[in-house]
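# A closer look at the structure
One-letter residues, chain by chain:
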Amino acid sequence: MAQRFPTVAVFGLGTTGRHLVDALVRGGRRVIAVERDEAALRRGRGRVTAAESAVEFTTDPAAAARADLVVEAVPERLETKRRLLARAHADCPPETVFATTTTGLPVTEIAFGSGRTDRTVGLHLFPLGPDREDRAVEVVGTPLTGDAVLADVRELVRDLGRIPVPVADRPGFIGGALTMAYLNNAVGMYERRYASRDSIDTAMTLGCGLPMGPLAQLDAMGLDTARDSLEALYERTGDPRYAPVPTLAHMVTAGLLGVKAGRGFYEYEAGGAARGGEGDGLGEPVPARAVRRIGVVGSGTMAVGIAEVCARSGYPTVLVARSELRAKEATAAVERSLERGVRRGKLAPGLLTESMDRLTAGRELQALGTCDLVVEAVAEDIDVKRAVFADLDRVCAPGAVLATSTSSLPVIECAMATRRPEDVIGMHFFNPAPVMRLVEVVYTVLTSKEALGTAHAVAAALGKRAVDCPDRAGFIVNALLFPYLNSAVAMVQEGWATAAAIDTVMAAGQGYPMGPLRLLDVIGLDVSLAIQRTLHGTFRDPALAPARHLERLVEAGHLGRKGGRGLHLHER
């Protein structure tokens, strides 16, 4: 079979254009790379890593006449793209196919401006991060695009070792619509000084397993490109989630465009490596109280995981459950987890015995009286947690730090159930606690510096990375993650795309560990709905209202993987 599109012209050698050139050359294509002037061509040529023998670099747009496919990868401005493709239409034979790499603009309008509505497609790539061979590409058809043209473009994508995902011409398609709102939300969090740059990026990489934090991702994308994409999406939808945060516009005006300019949210060396960070937000070192013994309240998955981590890290650990039976079950669960670690060669056999010797469990709260730090990990119910903290206030020694592992409830509510709110803090461990390296340390307006310092010191001793955030619904991770997940459910609800297509784009395109809908099934749709309702109830933002499809699934008892059915079907 003849190779589809043996010669491809690429207009623009920015982030997207140069990745496209490299991918095309690896796929055996001859590439004509076109830039607007010699200076831009020189910069773009320096970014391309493909063998120069396979690329013709030029400033002459008429050179595209020799291409079978013309791809524009120029800035996100409708008239710029339409003018470029209209010029190519005049130069190229009638059979030449056109593609636009837009994220936020309507492919249909670009196609009309190009003069060949039946031979213009959208080609939305995800060039950030490691160049994997399974990355998805959104292939966008318009109502007028020819089926044969779409089939040929999809085959080209497969030839390049990528996964073509057919999508409709909707604002942002799948990847842009979900990703740009999430990135803009992260800039807003940074602008409000809710969390430091490093805390935001660390939270999302360690807490969610993302290949890149949102602010680093914006730097790699180019802040001007991000701003233009958001402007285009906002203009098309009127959705305030896409209104560019002022900080983004200010940085672009100042020339802080990210990696390509040497400075954005981070500063970069000549090779693109980021220089030193801001730190985790603690500033000057703060005093920490000595912690010799740790207590854990609860017997569920999180309590068991936290107890294992503490005992394994050398702390005498006391676990208190609501019954002797639950305490024994929790101890057995810790032992099974440690045995798995030994079998897999991740833990030394001696560590199992030592850890179990350090762990005691029972039902009497008085056993926590000698603990210097107690972590509450009971049900995610504020009344239950307040009752536990009132009891801890009664039995724990003065100066003991009392922590809640809540993922969404107000820490201040727990603090005010005690007579020592200055000693109360949030320590949000992530599941599974023995594996996940992140701990969100959540401080209230009354938390003392000593309690904050103690939480950081213990997290470090447990081998965790702590990030600071104030006591606000969702903290860092959930405040950024759940609006994105909720938007993905809304896409299914509104018929934008199938759950499989959405998950493929975000996992194989953006490089996320799993797609948003599969992640919701893993978390549990009932748990996810509760968190989304908390966010909506706290901020009263209509955009945070739970998607009706999510509510209906929970009402029907389809709770995700644990029930065998949610947004996907699961084997039980």
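Here, residues in each chain are numbered from 1, in the same order as that chain's written sequence. Owing to the predicted nature of the model, reporting of local features is limited to residues with pLDDT of at least 70; listing and counting of side-chain atom pairs is limited to 80 or more, with chain, interface and lining totals taken over all residues. With hydrogens and water stripped out, all remaining heavy atoms of the structure feed into the side-chain values.

## Some words on the overall build of the protein chain
Put simply, DSSP H or I for four residues or longer makes a helix, DSSP E for two residues or longer makes a strand, and each gets a number counted from the N terminus. Of regular secondary structure, the protein chain possesses 21 helices and 16 strands. Within these notes, the globule rule equals 2.2 Å times the number of residues to the 0.38 power, and the radius of gyration is based on C-alpha atoms. The C-alpha atoms of the protein chain give 27 Å as radius of gyration, which agrees with the globular expectation for 572 residues (25 Å, within 12%). Dimensions of the protein chain along its principal axes, counting C-alpha atoms only, are 85 × 50 × 50 Å. Buried residues in the protein chain amount to 55% of all 572 residues. Residue contacts are counted whenever heavy atoms from the two residues lie within 4.5 Å of one another. Put simply, 70% of the contacts in the protein chain that link residues at least 6 apart link residues at least 24 apart. Summed over its atoms, the accessible surface of the protein chain is roughly 23,500 Å², and 52% of this surface lies on carbon and sulfur atoms. Charge convention: Lys and Arg are scored as positive, Asp and Glu as negative, and His as well as the terminal groups of each chain are ignored. Here the site of a charge means atom NZ of a Lys, CZ of an Arg, CG of an Asp or CD of a Glu. With 66 positive and 68 negative side-chain charges, the protein chain shows a separation of 2 Å between the mean positions of the two kinds. Note on exposure labels: buried denotes an accessible area under 20% of the residue type's maximum, exposed denotes more than 50%, and partly exposed covers the range between, all computed with a 1.4 Å probe on protein chains only. The Shrake-Rupley method, run with a 1.4 Å probe sphere, supplies the accessible areas, and residue values consider only the shown protein chains as cover.

## Quick notes on the layout of surface pockets
If you add up the space inside the second largest pocket, you get close to 1,000 Å³. Of the grid points, spaced at 1 Å and generated over the protein atoms alone, those admitting a 1.4 Å probe that cannot get out make up cavities, while open sets with protein on both sides within 12 Å along at least five of seven lines make up pockets; any residue with an atom within 4 Å of a point is treated as lining. Along the wall of the second largest pocket there are 41 residues; nearest its centre are G14, A73, V74, P75 and T225. Of all the elements in the fold, those that place two or more residues in the lining of the second largest pocket are helix 1 (15-26), helix 2 (38-47), helix 3 (78-91), helix 6 (175-191), helix 8 (214-221) and helix 9 (223-237). For the lining of the second largest pocket, the element with the most residues is helix 9, which contributes 5 residues. Grid points are joined across faces, edges and corners, and a volume is the space filled by probe spheres set on the points.

## Structural notes on the pattern of salt bridges
A carboxyl oxygen of Asp or Glu within 4 Å of a side-chain nitrogen of Lys or Arg is what we treat as a salt bridge. Tallied over the full model, the rule gives 31 salt bridges. A salt bridge links R241 to D239, with the nearest nitrogen and oxygen atoms 2.8 Å apart. For D239, a relative accessible area of 18% puts it in the buried group. Close ionic contact of E551 with R533 constitutes a salt bridge, the shortest N to O distance being 3.7 Å. In this pair, E551 is assigned in helix 21 (residues 548-555) and R533 in helix 20 (residues 525-539), connecting sequence segments 18 residues apart.

## Quick notes on the pairing of strand 1 (residues 7-11)
Remember that side chains alternate between the two faces of the sheet whenever the strand is regular. The buried count for strand 1 comes to 5 of 5 residues, which makes it a mostly enclosed element. Strands qualify as paired when DSSP identifies two bridges or more between them. Bridging between strand 1 and strand 2 (residues 30-34) involves 5 bridges; their strand directions are parallel. Within the sheet, the bridge partner assigned to F11 lies in strand 2 and is V34. Crossover strand 1 to strand 2 through helix 1 is right-handed. Of the pairings in the sheet, the one linking strand 1 to strand 4 (residues 69-72) comprises 4 bridges and is parallel in character. Following the sheet pairing, F11 is matched in strand 4 by E72. Orient the strands so they point away from the viewer; a crossover is then right-handed if the path from the first strand over the helix to the second runs clockwise.

## A short note on the sheet that holds strand 15 (residues 438-443)
Sheet architecture is open: 8 strands sit in the order 11-10-9-12-13-14-15-16, paired in mixed fashion. Both edges of this open sheet fall to strand 11 (359-362) and strand 16 (465-470), since each of them pairs with a single strand only. Direction aside, the axes of adjacent strands within the sheet are offset by 25° on average. Axis definition: a line fit to C-alpha positions, over the contact stretch in the case of helices; interaxial angles, taken between N-to-C directions, run 0 to 180 degrees. Along the sheet, helix 13 (residues 349-358) makes contact with strand 10 (317-320) and strand 11, crossing strand 11 at roughly 40°.

## Side note on empty space enclosed by the protein
Considering all chains together, one arrives at 4 cavities of 30 Å³ or more under this definition. Roughly 100 Å³ of internal volume is contained in the second largest cavity. Residue lining of the second largest cavity: 13 residues in total, with L20, L123, L125, V157 and L160 positioned closest to the centre. For the lining of the second largest cavity, the element with the highest residue contribution is helix 1, accounting for 3 residues. Residue type decides the class: Asp, Glu, Lys and Arg count as charged, Ala, Val, Leu, Ile, Met, Phe, Trp, Tyr, Cys and Pro as nonpolar, and the leftover types, Gly among them, as polar. Residues that form the lining of the second largest cavity fall into these classes: 12 nonpolar, no polar and 1 charged.

## Section: the packing of helix 11 (residues 301-312) against helix 12 (residues 324-343)
Axis separation between helix 11 and helix 12 bottoms out at 9 Å; the angle between their running directions is 60°. Overall, the two elements helix 11 and helix 12 adopt an arrangement that is oblique. Helix-helix and strand crossings are classified by hand; for helix 11 and helix 12 the assignment is right-handed. For the pair helix 11 and helix 12, contact is made by V304, E308 and R312 and by A330, A333, V334, S337 and L338, respectively. Residues belonging to the contact of helix 11 with helix 12 are distributed by class as follows: 5 nonpolar, 1 polar and 2 charged. Working definition: roughly parallel below 35 degrees, roughly antiparallel above 145 degrees, roughly perpendicular at 65 to 115 degrees, and oblique for all remaining angles. Less than a right angle of anticlockwise turn of the near helix away from the far helix marks a crossing as left-handed, whereas a clockwise turn marks it as right-handed.

## Some words on the side chain of S355
Structurally, the position occupied by S355 is in helix 13. Judged by relative accessible area, S355 falls into the buried class, the value being 1%. Polar side-chain contacts of S355 include one of 2.7 Å to the backbone oxygen of L351. Nitrogen and oxygen atoms within 3.5 Å of one another constitute a polar contact, given that in protein one can donate a hydrogen and the other can accept it, and given that sequence-neighbouring residues count only through two side-chain atoms.

## Considering the pairing of strand 4
In strand 4, alternate side chains face the same way, and those of L69 and V71 on one face and V70 and E72 on the other are all buried. Note: strand 4 against strand 5 (residues 97-100), 4 bridges, orientation parallel. Bridge pairing in strand 5 places V71 opposite A99. What joins strand 4 to strand 5 is helix 3, and the crossover it makes is right-handed.

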